[in-house]
Structures are given as C-alpha cells and as structure tokens.
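Here is how the chains run, residue by residue.
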Amino acid sequence: MDARTYFELTDAIAAATDRGELEALRERVDDTEMHPMERRVLERVLRSRLDMLRLGEIVVPRPKPERAD
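Presented here is an overview of the structure given in this document. What you see is a predicted model, and the numbers here were worked out from it, not measured in a lab. (Residues numbered from 1 in each chain as written. Predicted model: local features only at pLDDT ≥ 70, side-chain atom pairs only at ≥ 80, totals over all residues. Heavy atoms only, no water.)

## Comments concerning the pattern of salt bridges
Taken as a whole and assessed by the stated rule, the structure comprises three salt bridges. With a shortest N-O distance of 3.9 Å, Arg-28 and Glu-8 are connected by a salt bridge. Pair noted here: Arg-28 is in helix H2 (residues 19–31) and Glu-8 is in helix H1 (residues 3–15), with a separation of 20 residues, a long-range link. Owing to a relative accessible area of 36%, Arg-28 belongs among the partly exposed residues under this scheme. Asp-51 is paired through a salt bridge with Arg-54; the nearest N and O atoms lie 3.2 Å apart. With Asp-51 and Arg-54 both in helix H3 (residues 36–57) and three residues apart, the pair spans about one turn of that helix. The partly exposed category is assigned to Arg-54, whose relative accessible area is 38%. Each of Arg-4, Glu-8 and Arg-28 takes part in one network of salt bridges that share partners. (Salt bridge = Lys/Arg side-chain N within 4 Å of Asp/Glu carboxyl O. Helix = DSSP H or I, 4+ residues; strand = E, 2+ residues; numbered from the N terminus. Buried < 20%, exposed > 50% of the residue type's maximum accessible area, 1.4 Å probe, protein only.)

As structure tokens, this is what we get:
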C-alpha cells in the first residue's frame, strides 16, 4: 500500500467522531489492497477508536461532596 494512503486512513480513523464515519472507513480499509500487517494494524486502530467512542457514550455520575450542615 502507498504510505500516503496508509497515513490518510490512520489519521481519518483517529479523527472519526461517530460510528457512521468508522463504518465508512472500515469499508475503505476492506476495499484497499495492502500487506497483511498493515491490515491488522488498521483493524486494531479501528477497534480502538470504536471502543473510545463507546466509552465516551457512558455517563459516569460524579460523587457530590458531603455537606457539613
């Protein structure tokens, strides 16, 4: 694979803000001819980004400080 394409895909995955973007990028990765090692790396980056987006959807309540009243 051309290095320019590889880095464009990597940057686009890192900048993705929703699952729709990631799905489009996954299709692009699937359609691109590349070395198996490059494919494994890009698939790992896709999974990591999807996990990060999922974690961003989780709302964790912050504990409120106890009042001294």
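## Some details on H2
Taking 1.5 Å per residue, 13 residues should reach 18 Å; H2 reaches 18 Å between its end C-alpha atoms and fits that length. Residues of H2 that are buried include every one of Leu-22, Leu-25 and Val-29, and no others. Projected onto a plane normal to the axis of H2, the buried residues spread over an arc of 65° and lie on a single side. Next to the buried residues of H2 lie H1 and H3. Sitting at the head of H2, Asp-18 places a side-chain oxygen 3.2 Å from the backbone nitrogen of Gly-20. (Expected span 1.5 Å × (residues − 1). Arc of directions from axis to C-beta. Contact = heavy atoms within 4.5 Å. Polar contact = N/O pair within 3.5 Å; in protein donor to acceptor, adjacent residues only side chain to side chain.)

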